[in-house]
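# Chains, contacts and geometry: an overview
Listed below are the residues making up each chain.
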Amino acid sequence: MSTIKIKQLSFSYNDKKVFSNLNFNLRNNRTLSIIAPSSNGKSTLLNILSGKLSYDGSILIDGNELRDLSKDEVSYYFSIVTSNFKYKMNCFIDEFNYL
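Just so it is clear, the structure is predicted and the values come from calculations on it, not from any experiment. Every chain's residues receive numbers from 1 upward, in the order its sequence appears when written. For this predicted model, a pLDDT threshold of at least 70 governs which residues receive local features, and a threshold of 80 or more governs which side-chain atom pairs are given and counted, while totals over whole chains, interfaces and linings are taken from all residues. As a rule here, side-chain values come from all non-hydrogen atoms in the structure, and water together with hydrogens is ignored.

Right, let's talk about the layout of surface pockets for a bit. Estimates place the volume of the largest pocket at around 430 Å³. Each cavity reported here is a set of points on a 1 Å grid over the protein atoms alone in which a 1.4 Å probe fits but cannot get out, each pocket an open set with protein on both sides within 12 Å along at least five of seven lines, and each lining residue one with an atom within 4 Å of a point. Surrounding the largest pocket, 19 residues form its lining, Ile 4, Leu 26, Arg 30, Tyr 77 and Phe 78 being those nearest its centre. Helix and strand assignments follow DSSP, with helices taken as H or I runs no shorter than four residues and strands as E runs no shorter than two, numbered in order from the N terminus. Counting only elements with at least two residues in the lining of the largest pocket, the list comes to β1 (3-13), β2 (16-27) and α1 (42-49). Residues are grouped as follows: Ala, Val, Leu, Ile, Met, Phe, Trp, Tyr, Cys and Pro are nonpolar; Asp, Glu, Lys and Arg are charged; all remaining types, including Gly, are polar. Grouping the amino acids of the lining of the largest pocket by side-chain chemistry returns eleven nonpolar, six polar and two charged. Grid points are joined across faces, edges and corners, and a volume is the space filled by probe spheres set on the points.

This part is about the sheet that holds β2. Strand pairing is assigned whenever DSSP identifies at least 2 bridges connecting the two strands. The strand order across the open sheet built from four strands is β2-β1-β3-β4, with neighbouring strands paired in antiparallel fashion. Each of the sheet's edge strands pairs with one partner strand only, and the pair in question is β2 and β4 (64-65). Contacts are assigned to residue pairs with any non-hydrogen atoms lying within 4.5 Å of each other. All axes here are fitted lines through C-alpha atoms, helices being fitted over the stretch that makes contact, and every angle between N-to-C directions spans 0 to 180 degrees. Contacts between α1 and the sheet are confined to β1, β2 and β3 (56-61), with β2 contributing the most and set at about 60 degrees to the helix.

The next point concerns the confidence of the model for the protein. Of the residues in the protein, 80% reach a pLDDT of 70 or more, and the chain-wide mean stands at 82. Low pLDDT, under 50, characterises residues 95-99; the predicted model gives this stretch five contacts beyond four residues in sequence or across chains. A residue's pLDDT is the confidence the predictor assigns to it, expressed on a 0 to 100 scale.

With respect to the helices and strands, the residue Phe 78 is situated in the loop between α2 (71-77) and α3 (93-97). Separated by 29 residues in sequence, Phe 78 and Leu 49 have C-alpha atoms that sit 7.6 Å apart. When neighbours within four sequence positions are excluded, Phe 78 is seen to be in contact with Ile 4, Leu 49 and Ile 61.

Pairing of aromatic rings covers Phe, Tyr and Trp, the last counted by its six-membered ring, and requires centre-to-centre distances within 6.5 Å; plane angles under 30 degrees mean stacked, over 60 mean edge-to-face, and any other angle means tilted. With the rule as written, the count across this model stands at one aromatic pair. Note on Phe 11 and Tyr 13: the rings are 4.7 Å apart at their centroids and 85 degrees apart in plane angle, and the pair reads as edge-to-face. Note on Tyr 13: relative accessible area 40%, which makes it partly exposed. Note on exposure labels: buried denotes an accessible area under 20% of the residue type's maximum, exposed denotes more than 50%, and partly exposed covers the range between, all computed with a 1.4 Å probe on protein chains only.

By the element assignment, Leu 69 lies in the loop between β4 and α2. Remark: the alpha-carbon pair of Leu 69 and Gly 51, spanning 18 residues in sequence, is separated by 8.9 Å. Residues in contact with Leu 69, not counting those within four places in the same chain, are Ile 61, Asn 64 and Val 74.

Bringing the pairing of β1 into the picture now. When β1 meets β2, the two strands line up antiparallel, connected through eight bridges. Its bridge partner being in β2, Ile 4 is matched across the sheet by Leu 26. Here β1 folds back onto β2, and the loop between the two strands holds two residues, one of which, Asn 14, carries a positive phi near 55 degrees. Sheet analysis places β1 next to β3, joined by five bridges and oriented antiparallel.

Next up, the structure:
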């Protein structure tokens, strides 16, 4: 069973602290909802988990530190589709479902 353990996670943009001392565990086949007002670090957390941003603290995925994993290994565990997703195709939505 896959597990993700976040321990003492902190992140700042320059001198502006986004979050600090974030801790949680997530097991395989579980859903995590991140709900917070604007500008409270939701997208930043997702960018960290997808390997786009460096961080302080520890993110363990099946016992392996996230920063030590390759991009392919990270993509095995995380899928993120943003609300800015844009894809242009010359087909109807029913046809898109079969692609």
